[in-house]
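Fold and geometry: a report
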Amino acid sequence: MSGGKCPLCDSDRVSFYKGAGSGYPLVKCKECSLVFDPKIPDYTKEVYSEKYYLGIGLKGGYYNYFEEAVVNKLTFKHRLRGIISKVGSKKVNLLDVGCGLGDFLEVARSFPVTHCVGTEISEFALVNCRKKGLRVYSILEELSMRFDVVTVQDVVEHFRSPVRELKKVWELLKPNGLLFLTTPDISSLSAKVFGQHWYHYKKLEHLFYFNLATIRILVEKSGFEDIEIKPTLSW
């Protein structure tokens, strides 16, 4: 936390956040209500090893990504139907940021998508994606083309600098392009019910915790307009 300021609104009015318990020292901005880890790690890539996807070790990662794949693909099909309907185009170029093992890109192949491209920092996931024949890069800076749709699904909370990364996404979108973004909602009913045991409190992995208000500030600050934000039943 540079200078003790909120990385979203630059306010220095931050205080200890008790919601995640004493063992997970987060802070909350008194101005915009963003909750975040004040000690952003210098390097987080090691977190996303094979163990992360297999659910091995401490709380974090997936229960088992491979076992969850069937349900995930049903979710992705539902999301893609909505995205394609929103875009209203017969053929689209699509980028999935933080694509994991590529399930969303695999599902997208069955939709009217001309190009399916992903980015993923995990070496383990990157290798698995490429074995499937998917076009996946390590970082956004490797991309030169622009996209009709960019999806950022349960990824923005992992970014070391969400504003910086979403500004890069904005630059990769075509004029009138669509950003589809999902993230756990710290003001959701499940967060309130489970308190410090909420599933999405994940040290070293989730660095930022947004609500409907702070996610709007984030996307606006990153350059996006015509924003629609709504909760889902999942979070």
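One structure accompanies this document, and this report is about it.

Reading the values: the criteria
- Residues numbered from 1 in each chain as written.
- Predicted model: local features only at pLDDT ≥ 70, side-chain atom pairs only at ≥ 80, totals over all residues.
- Heavy atoms only, no water.
- Pairing = 2+ DSSP bridges.
- Helix = DSSP H or I, 4+ residues; strand = E, 2+ residues; numbered from the N terminus.
- Axes fitted to C-alpha atoms, helices over the stretch in contact; angles between N-to-C directions.
- Phe/Tyr/Trp six-rings, centres within 6.5 Å; stacked < 30°, edge-to-face > 60°.
- Buried < 20%, exposed > 50% of the residue type's maximum accessible area, 1.4 Å probe, protein only.
- Core = buried A, V, L, I, M, F, W, Y, C linked by side-chain atoms within 4.5 Å.
- Contact = heavy atoms within 4.5 Å.
- Arc of directions from axis to C-beta.
- Right-handed = clockwise from strand over helix to strand, strands pointing away.
- Parallel < 35°, antiparallel > 145°, perpendicular 65-115°, else oblique.
- Left-handed = near helix turned anticlockwise from the far one by under 90°.
- Nonpolar A, V, L, I, M, F, W, Y, C, P; charged D, E, K, R; others polar.
- Salt bridge = Lys/Arg side-chain N within 4 Å of Asp/Glu carboxyl O.

The strand order across the open sheet formed by 5 strands is β6-β5-β4-β7-β8, and the pairing between neighbours is parallel. Looking at strand neighbours, the two that pair on one side only are β6 (135–137) and β8 (173–182), the edges of this open sheet. The mean angle between the axes of side-by-side strands here comes to 20°, regardless of whether they run parallel or antiparallel.

Pairing is antiparallel across the open sheet formed by 4 strands, whose spatial order is β1-β2-β3-β9. On the outer flanks of this sheet lie β1 (14–17) and β9 (208–209), each paired with one strand and no other. Two elements, β1 and strand β2 (residues 26–29), share 4 bridges in a ladder whose sense is antiparallel. Across the sheet, Phe 16 pairs through a bridge with Val 27, a residue of β2.

We now examine the packing of aromatic side chains. According to the stated counting rule, one finds 11 aromatic pairs in the structure shown. Here the aromatic rings of Phe 76 and Phe 104 are separated by 5.2 Å at their centres, their planes lie at 90°, and the arrangement is edge-to-face. Of this pair, Phe 76 sits in helix α2 (residues 65–87) while Phe 104 sits in helix α3 (residues 103–108), and the two are 28 residues apart along the sequence. The exposure class assigned to Phe 104 is buried, which follows from its relative accessible area of 2%. Cluster of aromatic residues (ring-pair linked, three or more members): Tyr 24, Trp 198, Tyr 201 and Tyr 209.

Leu 95 and Val 152 are the most contacted members of the largest nonpolar core, which totals 31 residues. Breaking this core down by element, the ones donating at least two residues are β2, β4 (92–97), β7 (147–153), α5 (162–172), β8 and α7 (212–221). Ranked by the residues each element gives to this core, the list is headed by α5, at 4 residues. When sequence neighbours within four positions are dropped, the list of residues in contact with Leu 95 reads Val 117, Gly 118, Thr 119, Leu 140, Leu 143, Phe 147, Val 149, Val 150, Thr 151 and Leu 172. The next biggest cluster of nonpolar side chains, apart from the first, holds 19 residues, and it includes Ile 83, Leu 94, Phe 104 and Phe 111.

Take helix α4 (residues 123–131) next. Among all positions of α4, only Ala 125, Leu 126, Asn 128 and Cys 129 are buried. Burial along α4 is one-sided: seen end-on, the buried residues are contained in an arc of 165°. Check the buried side of α4 and you find it contacts α1 (50–54) and β6. The positive-phi residue at the C-terminal boundary of α4 is Gly 133, with phi of around 80°.

With that settled, the discussion passes to the pairing of strand β5 (residues 113–119). The buried fraction of β5 is high, at 5 of 7 residues. In this structure, β4 lies alongside β5, joined through 6 bridges in parallel fashion. Along β5, the bridge assignment pairs Val 92 with Val 113. Where the polypeptide runs from β4 across α3 and back to β5, its parallel neighbour, the crossover connection is right-handed. Taken together, the 3 bridges between β5 and β6 define a ladder with parallel strand orientation.

The subject of this paragraph is the packing of α5 against α7. Two quantities define a packed helix pair, namely the angle between the helix axes and the distance between the axes. Relative orientation of the contacting elements α5 and α7 amounts to 50°, with a least axis distance of 8 Å. One way to sum up the angle between α5 and α7 is to call them oblique. The two elements α5 and α7 cross, and the hand of that crossing is right-handed. For the pair α5 and α7, contact is made by Pro 162, Val 163, Leu 166 and Lys 167 and by Leu 218, Val 219 and Lys 221, respectively. Each residue belonging to the contact of α5 with α7 can be placed in one class, and the counts come to 5 nonpolar, no polar and 2 charged.

Turning our attention to the pattern of salt bridges. Inspection of every chain in the model, using the stated rule, returns 11 salt bridges. Notably, a salt bridge pairs Asp 103 with Lys 132, separated by 3.5 Å at the nearest N-O pair. A residue pair is termed long-range when its members are at least 10 positions apart, and Asp 103 in helix α3 and Lys 132 in the loop between α4 and β6 qualify at 29 residues. In this structure Asp 103 comes out as buried when scored by relative accessible area, which is 3%.

Moving on: the side chain of His 206. With respect to the helices and strands, the residue His 206 is situated in the loop between α6 (189–194) and β9. The class for His 206 is buried, based on a relative accessible area of 3%.

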